[in-house]
Amino acid sequence: MAHPGYSKEELSALRGIFALYDPDGSGAISVRELEGLLQKIGHSTDSASEILKAADSAAGGKPDGVITFDEFLELLQKGQPDQPGEQPDPKVMEFLRILEEYRRKCEAEGNYLEAGRAHQQLETLRKQEEKRQQKAVRARQIAERQDVQIAHNMQYTDFNAAWDKYLEEYDRMAQMYIQQMTERHAVNLLEFQRKLQNEMSERPPKWSRELLEWRRRQHMLARQKNYAEAQRIKKIADKLEDKERKAMEQHSAALFARKEAQFRQQQQAELQALLKRIDARRKEHIKQRNLDSKRLLQRNRNVQAVLESKQAVESNRLFAEIKKNLYYSNLEVAPPMGASGGQKSSSTRKKKTRSRQADDEPLDGVDGEEMPHFPSSAPDMTFLTSDEVEPPLE
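Predicted model, so just to flag it, every value in this text is computed and none were measured.

**Structural notes on empty space enclosed by the protein**
Move 1: Inspection of every chain in the model, using the stated rule, returns one cavity of 30 Å³ or more.
Move 2: Space inside the largest cavity adds up to approximately 40 Å³.
Move 3: If you go around the largest cavity, the residues you meet are Ser12, Ala13, Leu99, Tyr102, Glu114, Arg117, Ala118 and Gln121.
Move 4: Every element with two or more residues in the lining of the largest cavity is listed here: helix H1 (8–20), helix H5 (90–109) and helix H6 (112–202).
Move 5: Per element, the largest residue contribution to the lining of the largest cavity is four residues, and it comes from H6.
Move 6: When its residues are assigned to classes, the lining of the largest cavity shows four nonpolar, two polar and two charged.

In C-alpha coordinates:
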(Lines give C-alpha, C1' and ligand atoms only; values in the text may rest on other atoms or scores of the structure.)
Protein backbone atom coordinates (compact mmCIF):
# COMPACT_ATOMS: atom_id res chain seq x y z
CA MET A 1 0.00 0.00 0.00
CA ALA A 2 1.41 3.40 -1.02
CA HIS A 3 1.76 6.11 1.58
CA PRO A 4 2.40 9.49 -0.15
CA GLY A 5 2.93 11.24 3.16
CA TYR A 6 6.14 9.31 3.90
CA SER A 7 9.41 8.81 2.10
CA LYS A 8 11.07 5.45 1.57
CA GLU A 9 13.53 6.08 4.41
CA GLU A 10 10.75 7.15 6.75
CA LEU A 11 8.71 4.04 6.02
CA SER A 12 11.75 1.85 6.65
CA ALA A 13 12.40 3.56 9.98
CA LEU A 14 8.76 3.26 11.04
CA ARG A 15 8.70 -0.42 10.13
CA GLY A 16 11.78 -0.95 12.27
CA ILE A 17 10.31 0.70 15.37
CA PHE A 18 6.93 -0.97 14.74
CA ALA A 19 8.69 -4.33 14.65
CA LEU A 20 9.93 -3.74 18.20
CA TYR A 21 6.31 -4.07 19.38
CA ASP A 22 5.49 -6.88 16.95
CA PRO A 23 7.94 -9.65 17.96
CA ASP A 24 5.93 -12.40 16.27
CA GLY A 25 5.93 -10.54 12.91
CA SER A 26 2.14 -10.64 12.56
CA GLY A 27 2.05 -7.13 11.09
CA ALA A 28 -0.21 -5.81 13.86
CA ILE A 29 0.16 -4.63 17.45
CA SER A 30 -2.29 -4.36 20.30
CA VAL A 31 -4.03 -1.05 20.95
CA ARG A 32 -2.69 -1.26 24.52
CA GLU A 33 0.88 -1.34 23.16
CA LEU A 34 0.24 1.68 20.97
CA GLU A 35 0.44 4.10 23.92
CA GLY A 36 3.97 2.97 24.79
CA LEU A 37 5.00 3.23 21.15
CA LEU A 38 3.67 6.77 20.86
CA GLN A 39 5.49 7.84 24.01
CA LYS A 40 8.71 6.28 22.74
CA ILE A 41 8.60 8.19 19.46
CA GLY A 42 8.07 11.48 21.32
CA HIS A 43 4.34 12.23 21.17
CA SER A 44 3.00 14.47 23.89
CA THR A 45 0.27 13.27 26.24
CA ASP A 46 -2.43 15.29 24.47
CA SER A 47 -1.31 14.18 21.01
CA ALA A 48 -1.06 10.54 22.10
CA SER A 49 -4.51 10.74 23.70
CA GLU A 50 -6.06 11.94 20.42
CA ILE A 51 -4.34 9.18 18.46
CA LEU A 52 -5.42 6.52 21.01
CA LYS A 53 -9.03 7.65 20.73
CA ALA A 54 -8.82 7.31 16.95
CA ALA A 55 -7.19 3.86 17.40
CA ASP A 56 -9.97 2.68 19.72
CA SER A 57 -12.50 3.82 17.17
CA ALA A 58 -10.66 1.97 14.40
CA ALA A 59 -10.50 -1.20 16.54
CA GLY A 60 -14.23 -1.06 17.19
CA GLY A 61 -13.83 -0.19 20.87
CA LYS A 62 -12.47 -3.62 21.75
CA PRO A 63 -9.74 -3.61 24.44
CA ASP A 64 -7.97 -6.48 22.70
CA GLY A 65 -8.16 -4.82 19.29
CA VAL A 66 -5.13 -4.62 17.08
CA ILE A 67 -3.72 -1.99 14.75
CA THR A 68 -1.97 -2.86 11.51
CA PHE A 69 1.08 -1.00 10.25
CA ASP A 70 -0.94 0.83 7.57
CA GLU A 71 -3.51 1.91 10.16
CA PHE A 72 -0.64 3.02 12.39
CA LEU A 73 0.69 5.27 9.60
CA GLU A 74 -2.75 6.78 9.03
CA LEU A 75 -3.10 7.52 12.73
CA LEU A 76 0.30 9.21 12.78
CA GLN A 77 -0.62 11.37 9.81
CA LYS A 78 -3.81 12.52 11.51
CA GLY A 79 -1.83 13.52 14.58
CA GLN A 80 0.68 15.69 12.68
CA PRO A 81 0.26 19.48 12.22
CA ASP A 82 0.27 20.93 8.70
CA GLN A 83 3.06 23.10 7.29
CA PRO A 84 5.47 23.50 10.21
CA GLY A 85 7.15 26.49 8.49
CA GLU A 86 10.43 27.57 10.04
CA GLN A 87 9.88 25.43 13.13
CA PRO A 88 11.15 21.84 13.21
CA ASP A 89 8.73 19.44 11.56
CA PRO A 90 7.32 17.26 14.40
CA LYS A 91 6.93 14.36 12.02
CA VAL A 92 10.56 14.54 10.93
CA MET A 93 11.76 14.92 14.51
CA GLU A 94 9.66 11.91 15.37
CA PHE A 95 11.30 9.91 12.59
CA LEU A 96 14.71 11.04 13.76
CA ARG A 97 13.94 9.76 17.25
CA ILE A 98 12.66 6.52 15.79
CA LEU A 99 15.75 6.05 13.64
CA GLU A 100 18.08 6.91 16.50
CA GLU A 101 16.30 4.41 18.72
CA TYR A 102 16.49 1.81 15.98
CA ARG A 103 20.18 2.54 15.34
CA ARG A 104 21.03 2.10 19.02
CA LYS A 105 19.06 -1.12 19.16
CA CYS A 106 20.90 -2.51 16.12
CA GLU A 107 24.22 -1.38 17.53
CA ALA A 108 23.48 -3.02 20.86
CA GLU A 109 22.51 -6.26 19.11
CA GLY A 110 25.68 -6.24 16.99
CA ASN A 111 23.78 -5.69 13.73
CA TYR A 112 26.26 -3.09 12.53
CA LEU A 113 25.27 -3.13 8.86
CA GLU A 114 21.68 -2.29 9.77
CA ALA A 115 22.95 0.29 12.27
CA GLY A 116 25.00 1.85 9.45
CA ARG A 117 21.97 2.04 7.19
CA ALA A 118 19.97 3.65 10.00
CA HIS A 119 22.78 6.15 10.55
CA GLN A 120 22.81 7.00 6.83
CA GLN A 121 19.05 7.51 6.88
CA LEU A 122 19.48 9.75 9.91
CA GLU A 123 21.97 11.92 8.04
CA THR A 124 19.69 12.08 4.98
CA LEU A 125 16.65 13.11 7.02
CA ARG A 126 18.67 15.72 8.92
CA LYS A 127 19.97 17.28 5.70
CA GLN A 128 16.48 17.31 4.19
CA GLU A 129 14.98 18.92 7.29
CA GLU A 130 17.85 21.39 7.47
CA LYS A 131 17.28 22.43 3.85
CA ARG A 132 13.52 22.68 4.42
CA GLN A 133 13.88 24.97 7.42
CA GLN A 134 16.49 27.08 5.62
CA LYS A 135 14.17 27.36 2.63
CA ALA A 136 11.32 28.49 4.92
CA VAL A 137 13.58 31.16 6.46
CA ARG A 138 14.62 32.40 3.02
CA ALA A 139 10.99 32.44 1.85
CA ARG A 140 9.97 34.51 4.87
CA GLN A 141 12.87 36.93 4.30
CA ILE A 142 11.97 37.28 0.62
CA ALA A 143 8.38 38.06 1.65
CA GLU A 144 9.68 40.69 4.08
CA ARG A 145 11.76 42.33 1.34
CA GLN A 146 8.79 42.24 -1.02
CA ASP A 147 6.57 43.87 1.61
CA VAL A 148 9.16 46.60 2.12
CA GLN A 149 9.42 47.11 -1.65
CA ILE A 150 5.63 47.32 -1.95
CA ALA A 151 5.58 49.91 0.83
CA HIS A 152 8.34 51.85 -0.96
CA ASN A 153 6.42 51.73 -4.23
CA MET A 154 3.29 53.02 -2.51
CA GLN A 155 5.29 55.77 -0.85
CA TYR A 156 6.86 56.76 -4.17
CA THR A 157 3.42 56.78 -5.82
CA ASP A 158 2.04 59.01 -3.05
CA PHE A 159 5.10 61.25 -3.41
CA ASN A 160 4.52 61.72 -7.16
CA ALA A 161 0.78 62.17 -6.67
CA ALA A 162 1.39 64.90 -4.05
CA TRP A 163 3.83 66.71 -6.33
CA ASP A 164 1.51 66.40 -9.34
CA LYS A 165 -1.35 67.88 -7.33
CA TYR A 166 0.91 70.65 -6.02
CA LEU A 167 2.15 71.65 -9.49
CA GLU A 168 -1.35 71.46 -10.90
CA GLU A 169 -2.57 73.82 -8.19
CA TYR A 170 0.46 76.05 -8.77
CA ASP A 171 -0.29 76.28 -12.51
CA ARG A 172 -3.95 77.03 -11.80
CA MET A 173 -3.13 79.87 -9.42
CA ALA A 174 -0.45 81.20 -11.79
CA GLN A 175 -3.06 81.35 -14.58
CA MET A 176 -5.34 83.27 -12.23
CA TYR A 177 -2.60 85.84 -11.68
CA ILE A 178 -1.92 86.09 -15.42
CA GLN A 179 -5.62 86.46 -16.25
CA GLN A 180 -6.09 89.09 -13.57
CA MET A 181 -3.12 91.11 -14.83
CA THR A 182 -4.37 90.85 -18.43
CA GLU A 183 -7.82 92.09 -17.43
CA ARG A 184 -6.35 94.89 -15.36
CA HIS A 185 -4.09 95.90 -18.25
CA ALA A 186 -7.11 96.10 -20.57
CA VAL A 187 -8.97 98.37 -18.12
CA ASN A 188 -5.88 100.55 -17.55
CA LEU A 189 -5.31 100.86 -21.31
CA LEU A 190 -8.86 102.13 -21.89
CA GLU A 191 -8.47 104.61 -19.06
CA PHE A 192 -5.12 105.77 -20.43
CA GLN A 193 -6.55 106.23 -23.95
CA ARG A 194 -9.52 108.22 -22.64
CA LYS A 195 -7.31 110.42 -20.49
CA LEU A 196 -4.79 111.03 -23.29
CA GLN A 197 -7.58 111.82 -25.75
CA ASN A 198 -9.04 114.41 -23.37
CA GLU A 199 -5.64 115.98 -22.78
CA MET A 200 -4.91 116.29 -26.50
CA SER A 201 -8.38 117.61 -27.32
CA GLU A 202 -8.10 120.32 -24.64
CA ARG A 203 -4.81 121.64 -25.99
CA PRO A 204 -5.20 124.87 -28.07
CA PRO A 205 -3.90 124.66 -31.64
CA LYS A 206 -0.56 126.27 -32.45
CA TRP A 207 -0.89 128.14 -35.76
CA SER A 208 2.01 129.31 -37.80
CA ARG A 209 3.12 132.97 -37.92
CA GLU A 210 2.17 133.10 -41.59
CA LEU A 211 -1.43 132.09 -40.85
CA LEU A 212 -1.66 134.53 -37.97
CA GLU A 213 -0.40 137.30 -40.26
CA TRP A 214 -3.04 136.48 -42.90
CA ARG A 215 -5.76 136.57 -40.23
CA ARG A 216 -4.51 139.89 -38.93
CA ARG A 217 -4.65 141.43 -42.46
CA GLN A 218 -8.12 139.86 -42.97
CA HIS A 219 -9.54 141.49 -39.85
CA MET A 220 -7.85 144.85 -40.59
CA LEU A 221 -9.33 144.96 -44.12
CA ALA A 222 -12.73 144.11 -42.70
CA ARG A 223 -12.51 147.02 -40.25
CA GLN A 224 -11.57 149.30 -43.16
CA LYS A 225 -14.74 148.20 -44.96
CA ASN A 226 -12.62 146.72 -47.76
CA TYR A 227 -14.74 143.61 -47.87
CA ALA A 228 -13.71 142.36 -51.27
CA GLU A 229 -10.04 142.27 -50.38
CA ALA A 230 -10.84 140.89 -46.92
CA GLN A 231 -12.83 138.06 -48.59
CA ARG A 232 -9.89 137.19 -50.83
CA ILE A 233 -7.48 137.18 -47.87
CA LYS A 234 -9.91 135.03 -45.85
CA LYS A 235 -9.92 132.33 -48.54
CA ILE A 236 -6.13 132.23 -48.49
CA ALA A 237 -6.09 132.03 -44.67
CA ASP A 238 -8.80 129.32 -44.58
CA LYS A 239 -6.89 127.22 -47.05
CA LEU A 240 -3.69 127.58 -45.02
CA GLU A 241 -5.58 126.82 -41.77
CA ASP A 242 -7.01 123.59 -43.23
CA LYS A 243 -3.55 122.53 -44.24
CA GLU A 244 -2.09 123.28 -40.81
CA ARG A 245 -5.04 121.61 -39.04
CA LYS A 246 -4.52 118.39 -40.97
CA ALA A 247 -0.82 118.51 -40.15
CA MET A 248 -1.60 119.01 -36.43
CA GLU A 249 -4.13 116.13 -36.49
CA GLN A 250 -1.54 113.87 -38.07
CA HIS A 251 1.01 114.94 -35.48
CA SER A 252 -1.48 114.32 -32.65
CA ALA A 253 -2.35 110.87 -34.00
CA ALA A 254 1.32 109.97 -34.24
CA LEU A 255 1.93 111.25 -30.71
CA PHE A 256 -1.13 109.33 -29.42
CA ALA A 257 0.05 106.13 -31.10
CA ARG A 258 3.57 106.56 -29.74
CA LYS A 259 2.41 107.12 -26.16
CA GLU A 260 -0.08 104.24 -26.45
CA ALA A 261 2.69 101.96 -27.74
CA GLN A 262 4.91 103.01 -24.84
CA PHE A 263 2.10 102.24 -22.40
CA ARG A 264 1.45 98.85 -24.01
CA GLN A 265 5.15 98.10 -23.95
CA GLN A 266 5.25 98.90 -20.24
CA GLN A 267 2.32 96.56 -19.63
CA GLN A 268 3.95 93.84 -21.73
CA ALA A 269 7.17 94.17 -19.73
CA GLU A 270 5.17 93.86 -16.53
CA LEU A 271 3.44 90.73 -17.85
CA GLN A 272 6.76 89.23 -18.99
CA ALA A 273 8.24 89.88 -15.57
CA LEU A 274 5.32 88.03 -14.00
CA LEU A 275 5.70 85.10 -16.42
CA LYS A 276 9.43 85.00 -15.73
CA ARG A 277 8.86 84.83 -11.97
CA ILE A 278 6.23 82.12 -12.41
CA ASP A 279 8.49 80.07 -14.68
CA ALA A 280 11.52 80.51 -12.40
CA ARG A 281 9.57 79.36 -9.34
CA ARG A 282 8.13 76.41 -11.27
CA LYS A 283 11.65 75.35 -12.27
CA GLU A 284 12.65 75.58 -8.61
CA HIS A 285 9.74 73.29 -7.70
CA ILE A 286 10.72 70.77 -10.39
CA LYS A 287 14.33 70.87 -9.23
CA GLN A 288 13.23 70.27 -5.65
CA ARG A 289 10.97 67.45 -6.79
CA ASN A 290 13.80 65.73 -8.67
CA LEU A 291 16.10 66.17 -5.67
CA ASP A 292 13.54 64.76 -3.24
CA SER A 293 12.75 61.93 -5.66
CA LYS A 294 16.41 60.90 -5.80
CA ARG A 295 16.65 61.22 -2.02
CA LEU A 296 13.55 59.06 -1.55
CA LEU A 297 14.82 56.39 -3.92
CA GLN A 298 18.23 56.39 -2.25
CA ARG A 299 16.62 56.17 1.18
CA ASN A 300 14.55 53.20 0.01
CA ARG A 301 17.68 51.54 -1.37
CA ASN A 302 19.39 52.12 1.98
CA VAL A 303 16.45 50.52 3.79
CA GLN A 304 16.62 47.50 1.50
CA ALA A 305 20.40 47.22 1.95
CA VAL A 306 20.16 47.42 5.73
CA LEU A 307 17.30 44.90 5.74
CA GLU A 308 19.29 42.48 3.59
CA SER A 309 22.30 42.91 5.89
CA LYS A 310 20.21 42.21 9.00
CA GLN A 311 18.60 39.23 7.27
CA ALA A 312 22.02 37.84 6.42
CA VAL A 313 23.01 38.03 10.09
CA GLU A 314 19.69 36.50 11.07
CA SER A 315 20.14 33.68 8.53
CA ASN A 316 23.55 32.78 9.91
CA ARG A 317 22.16 32.67 13.43
CA LEU A 318 19.04 30.70 12.52
CA PHE A 319 20.93 28.25 10.30
CA ALA A 320 23.36 27.60 13.16
CA GLU A 321 20.44 26.98 15.53
CA ILE A 322 18.79 24.64 13.01
CA LYS A 323 21.98 22.64 12.65
CA LYS A 324 22.41 22.51 16.43
CA ASN A 325 18.84 21.31 16.98
CA LEU A 326 19.17 18.61 14.34
CA TYR A 327 22.68 17.36 15.04
CA TYR A 328 23.19 18.10 18.73
CA SER A 329 19.71 17.52 20.14
CA ASN A 330 18.79 14.86 22.64
CA LEU A 331 19.08 12.34 19.84
CA GLU A 332 22.84 12.38 20.26
CA VAL A 333 25.16 13.26 23.05
CA ALA A 334 26.72 16.66 22.42
CA PRO A 335 30.53 16.87 22.47
CA PRO A 336 31.85 17.25 26.03
CA MET A 337 32.86 20.70 27.14
CA GLY A 338 35.31 21.55 29.90
CA ALA A 339 35.64 24.76 31.81
CA SER A 340 36.93 26.66 28.79
CA GLY A 341 34.11 25.26 26.73
CA GLY A 342 31.59 26.54 29.26
CA GLN A 343 33.07 30.01 29.04
CA LYS A 344 32.91 29.80 25.25
CA SER A 345 29.28 28.71 25.42
CA SER A 346 28.48 31.62 27.70
CA SER A 347 30.17 33.98 25.26
CA THR A 348 28.19 32.46 22.41
CA ARG A 349 24.92 32.95 24.30
CA LYS A 350 25.80 36.60 24.87
CA LYS A 351 26.50 37.06 21.16
CA LYS A 352 23.18 35.45 20.27
CA THR A 353 21.38 37.67 22.76
CA ARG A 354 22.98 40.76 21.20
CA SER A 355 22.08 39.45 17.75
CA ARG A 356 18.43 39.00 18.73
CA GLN A 357 18.36 42.48 20.22
CA ALA A 358 19.80 43.85 16.99
CA ASP A 359 17.01 42.15 15.04
CA ASP A 360 14.43 44.05 17.08
CA GLU A 361 16.11 47.43 16.57
CA PRO A 362 15.03 49.78 13.76
CA LEU A 363 16.96 49.72 10.50
CA ASP A 364 20.25 51.52 11.14
CA GLY A 365 21.37 54.26 8.81
CA VAL A 366 17.87 55.31 7.77
CA ASP A 367 16.18 56.73 10.87
CA GLY A 368 18.66 59.59 10.96
CA GLU A 369 18.11 60.49 7.33
CA GLU A 370 15.99 63.50 6.44
CA MET A 371 12.66 62.50 4.96
CA PRO A 372 12.07 63.80 1.42
CA HIS A 373 9.80 66.82 1.13
CA PHE A 374 6.14 66.12 0.39
CA PRO A 375 4.59 69.39 -0.89
CA SER A 376 1.49 70.83 0.70
CA SER A 377 -1.72 71.12 -1.28
CA ALA A 378 -1.66 74.95 -1.34
CA PRO A 379 1.33 76.51 -3.15
CA ASP A 380 2.89 79.64 -1.69
CA MET A 381 2.31 82.43 -4.22
CA THR A 382 3.43 85.37 -2.07
CA PHE A 383 6.47 85.80 -4.28
CA LEU A 384 4.11 87.14 -6.97
CA THR A 385 2.51 89.72 -4.70
CA SER A 386 3.99 93.17 -5.29
CA ASP A 387 2.91 96.67 -6.18
CA GLU A 388 2.59 95.64 -9.79
CA VAL A 389 0.71 92.36 -9.15
CA GLU A 390 -2.42 92.19 -7.06
CA PRO A 391 -3.52 88.90 -5.46
CA PRO A 392 -6.27 87.15 -7.43
CA LEU A 393 -9.82 87.29 -6.19
CA GLU A 394 -11.25 83.86 -5.41
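Next comes the rest of the description.
**Quick word on the packing of aromatic side chains**
Here the distance between the centres and the angle between the planes together describe a pair of aromatic rings.
Move 1: Inspection of every chain in the model, using the stated rule, returns three aromatic pairs.
Move 2: With a centroid separation of 6.2 Å and 20° between ring planes, the pair formed by Tyr156 and Phe159 is classed as stacked. In this pair, Tyr156 and Phe159 both sit in helix H6, three residues apart, roughly one turn of the helix.
Move 3: Given the relative accessible area of 0%, Phe159 is considered buried.
Move 4: Seen from their ring centres, Phe192 and Phe263 are 4.4 Å apart, and the 5° between their planes marks the pair as stacked. Taken together, the positions of Phe192 in helix H6 and Phe263 in helix H8 (residues 227–327) put the pair 71 residues apart, joining distant regions of the chain.

Criteria and thresholds
Residues numbered from 1 in each chain as written. Predicted model: local features only at pLDDT ≥ 70, side-chain atom pairs only at ≥ 80, totals over all residues. Heavy atoms only, no water. 1 Å grid on protein atoms, 1.4 Å probe; cavity = no way out; pocket = protein on both sides within 12 Å on 5 of 7 lines; lining within 4 Å. Points joined across faces, edges and corners; volume = space filled by probe spheres on them. Helix = DSSP H or I, 4+ residues; strand = E, 2+ residues; numbered from the N terminus. Nonpolar A, V, L, I, M, F, W, Y, C, P; charged D, E, K, R; others polar. Phe/Tyr/Trp six-rings, centres within 6.5 Å; stacked < 30°, edge-to-face > 60°. Buried < 20%, exposed > 50% of the residue type's maximum accessible area, 1.4 Å probe, protein only.

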